[in-house]
Amino acid sequence: MNRQNQHLAKNITRIKDSFTRFPETLLASAAAGCLIILILNEIQAWNSTINGIGMGLILSIPLTFALTTWLESIGKQSSIFRIGVTLLAILTVTIHIFIARNFSLTRVMYVFIQHCLIAHLLVAFLPFFKESKQKFWIYNKELFLNFTGSIFFSSVLFFGLSVALLAIKFLFSIRLEEDAFSHLGIIILFVFNTWFFLSNAPQATGLDSEVHYPNKLKLLTQFFLVPLLYLYIGILYVYFVRIGWTGELPKGTIGYLVSGVSLLGIFTVLLMDPLNTLTTSSWIKVFLKIFYWALLPLVGLLLWGTKYRIQEYGVTENRYFLLICGLWVAVTAIYMIFSSKKDIRIIPISLSLATVIATWGPTSAYSVSYSSQFQRLKSFMVKFNINIDQNGKVKPTDSKIPVDAKRTASTIIRYFISMHQADGIKTWFNLKDSELNFLQASVSKDSSYVSNISVANTMTSQMGFPFQDYVGRNYSEFFNFYEKNSQTWVGAQSWNTKGYSKLYNIDLSPDSGKKNSDRNQIFVPNVGTYVFTVADSPPRLIWEINGKTNSISLDENLKILNSSKKNVFSETEMMITPIDSAIPFKIYMMNVSGKIEDEMLTLNSVKIAILVK
């Protein structure tokens, strides 16, 4: 019992010390979890600023951890250096607010993922930038085992508490909020999991210099990861031989498969690095000797397939990432094959530098892709005699444009809208205020419900042809209506909510009824749970309660909206009036999109707001 008490006291002390050691990391993680819960509850509207704060807080977790462990490794732990860690977190949040407010949501998410990769790579090598290769491996081994352990214990805790909540629900007939389990998971992930990990984080200055290879790590690498890699590489080589036999071009997905196998393999080799001298298993020795050699032909296949698609369709962000990943894997493989040092620290350091190059500056994926697609668009305009007049506006062409060329130009236009908010080309077109507002609002979550096809169709129509998607469908009759304040989801604050107690917003499409999700449900006390779906043609809003189905036709509403020749409407114009006045809710359309063909309306998606009594 005494030993158990000592062990418990030691763990409590370790937990307390982790807050003293990593206060900024813990606070950033807890704040990120709270913000995510607020967003899920829609207590706080999701907009570009909240988006930036959330991403900045999440990114501050690994960054402050990396900086703290680096300061420990160089013996700089005074209060003035601790202020530097706090300032780093504040700067990270500030930068991401700026990014979120000035770039499209798609680009913001790409940049965030790249920043996360850089931050976690810094965690791996920053404290041991000048230390020995052995200590670097030991430190990262401890981090990896600590991470897997924290995930395991967090999963067990989530499962145990979830079962307890279900028991309380069924035994005591207590109704749980629909988001109770997701909130529990967020709290465990951002509070318990982070705290558990930090309380067991290794001290960079107190590591043993002798390598001990844990049995559980050996089990993971030798009997799970290595056999999988043999299988994956074998499959890719069979495909490689098939290409040589048939002469066909590699499929577009081959780049992602080779990249995935390469990164998984390099990660596995890093985990197994000490086994070069410790292992007695011949098949492991063979794997460690041939892995990098085996990668080179596959990387050549990746680069060949990516180069072909760039020649055909120009550079895009995804193709750029595949290209730089392939080049990095090739350089890494050549270094590990021919270098006498074979310093494994070069892997995370070089990958972080490659990611920085791909994220910012004139060599970034975004700058290179923008230039490539801009040149493709200009070439198309020159080829089909689409000119810019003296006022800087596009003049429609009289030339006959093939369907494939229309499809290509439509794809480029849509790319500029979704990735760059049409910067550099939107001044060529006469856009309505609602369309300009949409481009400006594309940094917010709500813009994802306002299809950019509508704006793209306006642009292509002024060039002399309707927007056409990748299978050649014509979108000249595409409609897209939204409530005047829906871009920032604050419109409901100005509505007359007297007599209503709760506001829900639900996103629906004709396929939403096929999904087992609680996102299209609302609960009304003393009545029951309403399940909402929509039908596309003719458009109808449908709800089911206690086995009874009711519906409202949206056809007449949409025809009235379409006849107005505008896209933005007031909440009164977007209100749907149920036939049954006894229904305990009021319904508004926040955004609705679809198309009209032969005077028939087809619904694509609708976002509704519901006020419940």
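Residues numbered from 1 in each chain as written. Predicted model: local features only at pLDDT ≥ 70, side-chain atom pairs only at ≥ 80, totals over all residues. Heavy atoms only, no water.

Novice: Describe the overall build of the chain, with residues and values.
Specialist: Helix and strand counts for the chain come out as 18 helices and ten strands. Counting across all 613 residues of the chain, residues that qualify as buried make up 46%. Sequence-distant contacts, at least 24 apart, represent 70% of the contacts inside the chain between residues at least 6 apart. Surface summary for the chain: the accessible area is close to 31,100 Å², and the carbon and sulfur share equals 61%. (Helix = DSSP H or I, 4+ residues; strand = E, 2+ residues; numbered from the N terminus. Buried < 20%, exposed > 50% of the residue type's maximum accessible area, 1.4 Å probe, protein only. Contact = heavy atoms within 4.5 Å. Areas by Shrake-Rupley, 256 points an atom, 1.4 Å probe, with all protein chains shown as cover.)

Novice: Which residues make up the packing of helix H5 (residues 105-125) against helix H13 (residues 346-359), and what values go with them?
Specialist: In contact at an axis separation of 9 Å, H5 and H13 are set at 155 degrees when each is read in the N-to-C sense. Our classification of the angle between H5 and H13 gives roughly antiparallel. Considering only the axes of H5 and H13, their crossing is left-handed. Here H5 contributes Val-111, Gln-114, His-115, Leu-117, Ile-118, Leu-121 and Phe-125 to the contact with H13, which in turn contributes Pro-348, Ile-349, Leu-351, Ser-352, Thr-355, Val-356, Ala-358 and Thr-359. A per-class count over the contact of H5 with H13 returns ten nonpolar, five polar and no charged. (Axes fitted to C-alpha atoms, helices over the stretch in contact; angles between N-to-C directions. Parallel < 35°, antiparallel > 145°, perpendicular 65-115°, else oblique. Left-handed = near helix turned anticlockwise from the far one by under 90°. Nonpolar A, V, L, I, M, F, W, Y, C, P; charged D, E, K, R; others polar.)

Novice: Let's hear about the environment of Phe-429: which residues, and what values?
Specialist: Secondary-structure assignment places Phe-429 in the loop between helix H15 (403-420) and helix H16 (433-440). Overall, Phe-429 belongs to the buried group, its relative accessible area being 2%. A sequence separation of 41 residues divides Phe-429 from Ile-388, and the C-alpha atoms of the two residues are 9.7 Å apart. Leaving out residues up to four positions away in the same chain, Phe-429 has contacts with Lys-393, Val-394, Met-459, Gln-462 and Met-463.

Novice: Got a sec to walk through the sheet that holds strand E3 (residues 521-524)? Specific residues and values, please.
Specialist: Judged by pairing direction, the sheet is antiparallel, and its four strands sit side by side in the order E3-E4-E5-E6 without closing on themselves. Both edges of this open sheet fall to E3 and strand E6 (548-553), since each of them pairs with a single strand only. In this sheet, adjacent strand axes meet at a mean angle of 25 degrees when their direction is disregarded. Sheet analysis places strand E4 (residues 528-535) next to strand E5 (residues 540-545), joined by five bridges and oriented antiparallel. Across the sheet, residue Thr-533 finds its bridge partner in E5, namely Ile-542. (Pairing = 2+ DSSP bridges.)

Novice: Give me the side chain of Thr-397: which residues, what numbers.
Specialist: Looking at the secondary structure, you find Thr-397 in the loop between helix H14 (365-383) and H15. In terms of polar contacts, Thr-397 uses its side chain to reach the backbone amide nitrogen of Ser-399, at 2.9 Å. Dropping the residues within four chain positions of it, Thr-397 is found in contact with Phe-384, Asn-385, Ile-386, Met-463 and Gly-464. (Polar contact = N/O pair within 3.5 Å; in protein donor to acceptor, adjacent residues only side chain to side chain.)

Novice: So what about the pattern of salt bridges? Which residues, and what values?
Specialist: Applying the stated criterion across every chain, the model contains five salt bridges. A salt bridge links Asp-404 to Arg-407; the shortest N-O distance between them is 3.2 Å. Placement of the pair is Asp-404 and Arg-407 together in helix H15, with a separation of three residues, close to one helical turn. Put simply, Asp-423 and Lys-426 hold a salt bridge, and the shortest N to O gap is 3.6 Å. Exposure remark for Lys-426: the relative accessible area of 26% places this residue in the partly exposed category. (Salt bridge = Lys/Arg side-chain N within 4 Å of Asp/Glu carboxyl O.)

Novice: Explain helix H9 (residues 254-271) residue by residue, including any values.
Specialist: Its 18 residues give H9 an end-to-end C-alpha distance of 26 Å, which sits within 8% of 26 Å, the value for a rise of 1.5 Å per residue. For H9, every residue scored as buried is listed here: Ile-254, Gly-255, Val-258, Ser-259, Val-261, Ser-262, Gly-265, Ile-266, Thr-268, Val-269 and Leu-271. (Expected span 1.5 Å × (residues − 1).)

Novice: I'd like a rundown of a nonpolar patch on the surface, residues and numbers included.
Specialist: On the surface, Ile-15, Phe-19, Leu-27, Ile-187, Val-191 and Trp-195 cluster together to form a nonpolar patch covering roughly 510 Å² of accessible area. Sorting the residues of the nonpolar patch by element identifies helix H1 (2-21) and helix H7 (180-199) as the ones contributing at least two each. If one sorts the elements of the nonpolar patch by residue count, H7 sits on top with three residues. Structurally, Leu-27 can be placed in helix H2 (residues 23-41). (Patch = residues over 30% accessible without salt bridge, like charges linked within 9 Å, V, L, I, M, F, W, Y side chains within 5 Å.)

Novice: Any details on the nonpolar core? Residues and values, ideally.
Specialist: Core analysis: the biggest nonpolar cluster contains 58 residues, and Phe-65, Ile-266, Met-272, Phe-287, Phe-291 and Tyr-292 have the highest contact counts within it. Ignoring sequence-local partners within four residues, the contact set of Phe-65 consists of Phe-22, Thr-25, Val-123, Tyr-139, Leu-143, Phe-197, Leu-198 and Ala-201. Core analysis: the second largest hydrophobic core is formed by 41 residues, Leu-59, Leu-63, Ile-413 and Tyr-415 among them. (Core = buried A, V, L, I, M, F, W, Y, C linked by side-chain atoms within 4.5 Å.)

Novice: Residue-level account of the packing of aromatic side chains, with values.
Specialist: Counted according to the given criterion, the structure contains 23 aromatic pairs. Seen from their ring centres, Phe-374 and Trp-428 are 5.9 Å apart, and the 50 degrees between their planes marks the pair as tilted. Of the two residues, Phe-374 sits in helix H14 while Trp-428 sits in the loop between H15 and H16, which places them 54 residues apart along the sequence. On the basis of relative accessibility, which here comes to 10%, the residue Trp-428 falls in the buried class. With centroids separated by 5.6 Å and ring planes inclined at 70 degrees, the aromatic side chains of Tyr-415 and Phe-416 adopt a geometry described as edge-to-face. Accessibility classification places Tyr-415 together with Phe-416 in one group, the buried group. An aromatic cluster of three or more residues is present, and its members are Tyr-370, Phe-374, Tyr-415, Phe-416, Trp-428 and Phe-429. The ring of Phe-103 has Arg-107 sitting right over it, with the charged end atom 4.0 Å from the ring centre. (Phe/Tyr/Trp six-rings, centres within 6.5 Å; stacked < 30°, edge-to-face > 60°. Lys NZ or Arg CZ within 6 Å of the ring centre and 35° of its normal.)

Novice: Which residues make up H15, and what are the values?
Specialist: Note: α-helices contain 3.6 residues per turn, so residues at a spacing of three or four share the same orientation. Under the 1.5 Å per step criterion, the end-to-end length of H15 is 25 Å for 18 residues, consistent within 8% with the ideal 26 Å. All buried positions along H15 are accounted for by Ala-405, Lys-406, Ala-409, Ser-410, Ile-412, Ile-413, Tyr-415, Phe-416, Ile-417, Met-419 and His-420.

Novice: Explain the pairing of E5 residue by residue, including any values.
Specialist: Going residue by residue along E5, you find Leu-541, Trp-543 and Ile-545 tucked away on one face and Arg-540, Ile-542 and Glu-544 left uncovered on the opposite face. As judged from the six bridges shared by E5 and E6, these two strands associate in the antiparallel manner. Each bridged residue has a counterpart across the sheet, and for Ile-545 the counterpart in E6 is Lys-548. Taken together, E5 and the strand that follows it, E6, pair antiparallel across an intervening segment of two residues, in which Asn-546 is found at a positive phi of about 55 degrees.

Novice: Lay out unusual backbone geometry in plain terms, naming residues and giving numbers.
Specialist: Notably, Lys-342 is not glycine yet its phi reads approximately 50 degrees, a positive angle. Within the fold, Lys-342 resides in the loop between helix H12 (317-338) and H13. Looking at Lys-342, the relative accessible area reads 32%, which means it is partly exposed.

Novice: Quick one: what's the story with the confidence of the model for the chain, residue by residue and with numbers?
Specialist: In the predicted model, the chain carries a mean pLDDT of 80, and the fraction of residues at 70 or more is 84%. Counting interchain partners and residues more than four positions distant, the pLDDT-below-50 stretch residues 442-450 has 34 contacts. Taken together, the stretch residues 487-494 has pLDDT below 50 and engages in 23 contacts with residues farther than four places along the chain or on a different chain. (pLDDT = per-residue confidence, 0-100.)

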